[in-house]
Amino acid sequence: MFTFRLAITVALSVCAAQARAQTVKVGIIDTYSGPLAAAGEQIDRGIRLYMSQHEKDLPPSVTIELIRRDDTGPNPEVAKRLAQELIARDKVNFLAGVIWTPNALAIAPLATEAKVPFVIMNAATSMITTKSPYIVRTSFSTWQSSVPLGNWAAKHGIRTVYTLVSDYAPGIDYENGFTKSYTEAGGTIIGGARMPVPVFDFVPFLQRAKDAKPNAVFAFVPDPPEAAALMKAFNDLGLKDAGISLIGPGVLTTEEELPAMGDAAIGTITVFHYGTAGVRPANTAFTAAYTAAFGAREEATFQAVAAYDGMAAIFHVVTEQKGMIDPDKTMALLKGWKYDSARGPIMIDPETRDIVQNEYLRRVDKIDGRLRNTEIETFPMVRDPWKELNKAK
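In short, a report on the structure.

**Let's talk about the overall build of the protein**
A tally of regular secondary structure across the protein gives 13 helices and 14 strands. Against the globule reference of 21 Å for 393 residues, the protein gives a C-alpha radius of gyration of 23 Å, in line with a compact fold. Overall, the protein is about 95 × 50 × 35 Å in size when its C-alpha atoms are taken along their principal axes. The burial tally for the protein puts 55% of its 393 residues in the buried class. Look at the contacts in the protein between residues 6 or more apart in sequence, and 68% of them connect residues 24 or more apart. In the structure as shown, the protein presents an accessible area of about 16,200 Å², 55% of it carried by carbon and sulfur atoms. Of the side chains in the protein, 41 bear a positive and 43 a negative charge, and the two mean positions are spaced by 4 Å.

**Some details on the nonpolar core**
Residues Ile64 and Phe286 are the most contacted members of the largest nonpolar core, which totals 72 residues. Looking at which element gives the most residues to this core, the answer is helix 11 (residues 302–320), with 12 residues. Counting residues in each nonpolar core, the second largest holds 29 residues, with Ala193, Ala209, Val217 and Leu252 among its members.

**With respect to the environment of threonine 179**
Mapped onto the elements of the fold, threonine 179 is located in helix 6 (residues 169–184). Through-space distance from the C-alpha of threonine 179 to that of aspartate 201 is 25 Å; in sequence the pair is 22 residues apart. Filtering out sequence-adjacent residues up to four positions away, threonine 179 remains in contact with Thr163 and Ile189. Only 2.8 Å separates the side chain of threonine 179 from the backbone oxygen of glutamate 175, close enough to count as a polar contact.

**Focus: the side chain of histidine 273**
Tracing the backbone shows histidine 273 in the loop between strand 10 (269–272) and helix 10 (281–294). Look at histidine 273 and you get buried, because its relative accessible area is 2%. Discounting chain neighbours no more than four positions away, the residues touching histidine 273 are Ser139, Phe140, Phe302, Arg343, Gln357, Asn358, Glu359 and Tyr360.

**Side note on the packing of aromatic side chains**
Aromatic rings considered in pairs are described by the distance between their centres and by the relative angle of their planes. By the definition in use, this model includes 14 aromatic pairs. Here the aromatic rings of tyrosine 168 and phenylalanine 220 are separated by 6.4 Å at their centres, their planes lie at 20 degrees, and the arrangement is stacked. Taken together, the residues span a long stretch of sequence, with tyrosine 168 in the loop between strand 6 (160–166) and helix 6 and phenylalanine 220 in strand 8 (residues 216–220) at a distance of 52 residues. Tyrosine 168 sits in the buried class, given a relative accessible area of 18%. The exposure class assigned to phenylalanine 220 is buried, which follows from its relative accessible area of 3%. A centroid spacing of 5.0 Å and a plane angle of 85 degrees characterise the contact between phenylalanine 272 and phenylalanine 302, whose relative ring orientation is edge-to-face. Highlighted residues: phenylalanine 272 in strand 10 and phenylalanine 302 in helix 11, separated in sequence by 30 residues. Grouped by ring-pair contacts, the aromatic residues Tyr50, Phe286, Tyr290, Phe294, Tyr308 and Phe315 constitute a single cluster.

**Here we look at the sheet that holds strand 5 (residues 135–137)**
Pairing is parallel across the open sheet formed by five strands, whose spatial order is 2-1-3-4-5. If you trace the sheet from one side to the other, it starts and ends with strand 2 (62–70) and strand 5, each paired once. The sheet shows a mean angle of 25 degrees between the axes of neighbouring strands, direction not considered. When strand 1 (residues 22–30) meets strand 2, the two strands line up parallel, connected through nine bridges. Paired with glycine 27 across the bridge in strand 2 is isoleucine 67. Docked against the sheet, helix 4 (residues 101–114) engages strand 1, strand 3 (94–97), strand 4 (118–120) and strand 5, running at close to 160 degrees with respect to strand 4.

**Regarding the pattern of salt bridges**
Summed over all chains, the structure comprises 24 salt bridges. Across the pair lysine 366 and aspartate 263 runs a salt bridge whose closest N-O atoms are separated by 3.0 Å. You can see lysine 366 sitting in strand 13 (residues 355–367) and its partner aspartate 263 sitting in the loop between helix 9 (258–261) and strand 10, a full 103 residues away along the chain. On the basis of relative accessibility, which here comes to 44%, the residue aspartate 263 falls in the partly exposed class. As a salt-bridge pair, arginine 280 and glutamate 375 come within 3.0 Å of each other at their nearest N and O atoms.

**Section: the environment of aspartate 384**
Along the chain, aspartate 384 falls in the loop between strand 14 (370–382) and helix 13 (385–389). Under the relative-accessibility criterion, aspartate 384 is labelled buried at 4%. For the pair aspartate 384 and glutamate 41, spaced 343 residues apart in sequence, the C-alpha to C-alpha distance is 26 Å. Aside from chain neighbours lying at most four places away, what touches aspartate 384 is Ser126, Ser141, Trp143, Gln144 and Asp354. Engagement of the side chain of aspartate 384 in a polar contact is seen with the side chain of serine 126, the distance being 3.3 Å.

**Concerning helix 4**
The end-to-end C-alpha distance of helix 4 is 20 Å, a good match for the 20 Å that 14 residues give at a rise of 1.5 Å each. Where helix 4 bends most, the angle comes to about 30 degrees, and this point is isoleucine 107, followed within four residues by the proline proline 109. The complete set of buried residues in helix 4 reads Thr101, Asn103, Ala104, Ala106, Ile107, Ala108, Leu110 and Ala111. Downstream of helix 4 by one or two residues, lysine 115 has phi in the positive range, about 55 degrees.

Conventions adopted
- Residues numbered from 1 in each chain as written.
- Predicted model: local features only at pLDDT ≥ 70, side-chain atom pairs only at ≥ 80, totals over all residues.
- Heavy atoms only, no water.
- Helix = DSSP H or I, 4+ residues; strand = E, 2+ residues; numbered from the N terminus.
- Rg over C-alpha atoms; globule rule 2.2 N^0.38 Å.
- Buried < 20%, exposed > 50% of the residue type's maximum accessible area, 1.4 Å probe, protein only.
- Contact = heavy atoms within 4.5 Å.
- Areas by Shrake-Rupley, 256 points an atom, 1.4 Å probe, with all protein chains shown as cover.
- Lys, Arg positive; Asp, Glu negative; His and termini not counted.
- Charge placed at Lys NZ, Arg CZ, Asp CG, Glu CD.
- Core = buried A, V, L, I, M, F, W, Y, C linked by side-chain atoms within 4.5 Å.
- Polar contact = N/O pair within 3.5 Å; in protein donor to acceptor, adjacent residues only side chain to side chain.
- Phe/Tyr/Trp six-rings, centres within 6.5 Å; stacked < 30°, edge-to-face > 60°.
- Pairing = 2+ DSSP bridges.
- Axes fitted to C-alpha atoms, helices over the stretch in contact; angles between N-to-C directions.
- Salt bridge = Lys/Arg side-chain N within 4 Å of Asp/Glu carboxyl O.
- Expected span 1.5 Å × (residues − 1).
- Bend = angle between axes of the 7 residues up to and from the residue.

Written out as structure tokens, the structure is:
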């Protein structure tokens, strides 16, 4: 009888432990092949790094399972199908990742219908977060960097600008944000062009820019190797020698591509929220952990930081709910969430569910034989200016 009762007690204890155990499923939709696969790898590294450091901090019996899917590039139909499968078949508690704006827009209505919190770790077109109440963004918006840069340029002797941007939503967003702030501050746009995606020959566009004789060219392309090709053509055509400056958002001079750009990049001015040269304790710790995990010659990028911080946000709500995920409570917990990031302090705007963060004016300098984005001015805790401009009346 004693043995029988003991067996029942043990069985009940096991069942109770199993009932308490909770697996939280996170569906990662990322670009592991095709265009921007390197950026997709950076997102994956950021996720893996945070998991390796903090999995032990989850509540007892709570685990996080990552389910990865490859959208192969800017393919909204593929992204939509993958999201449907993750929601209906895999029963994920979160969706996360996403490099491309059209993919994020394809997924947004599914997140709304299924009430699945969707943590965007890259796609940056400003209006994305308006497309679902279950979207939160831990990366950046295009207007966050382009508006401060436009204000700065107009007030620092750059009287005329020629714009060159990739002809898709983020490029148009960058152009619009820069143009609005720059012209309102007194600057003049004397011409511009929207370039196909991708671009393999920048010479015709830059020649027209040179002929217009602006004080500066404002440029954006989405792919770091494209940015390196643009930089080379800018230098080879003599725009720099003609006294024309090159300015743009931080994706123009990402750390991993600076060596390929060479000295032609020196003096380029950008505004962005993250660079490895930033002198902050959290950044020192992050870059040390990154190189320890992935190699001494590897550079952390803004995508890795956004993914790392996105996982911090997910861990926050999982911990607060002890693994029992309620989507509406999750969104309430994310609104106003604050974190000490490698990029500086960040917050999720409780009104827009978008990131609020510092933006930094940077100049490419050569320091100890190495090209770096030197931070020379801080624009503190910038909300998305597009949303400020388009608030519901």
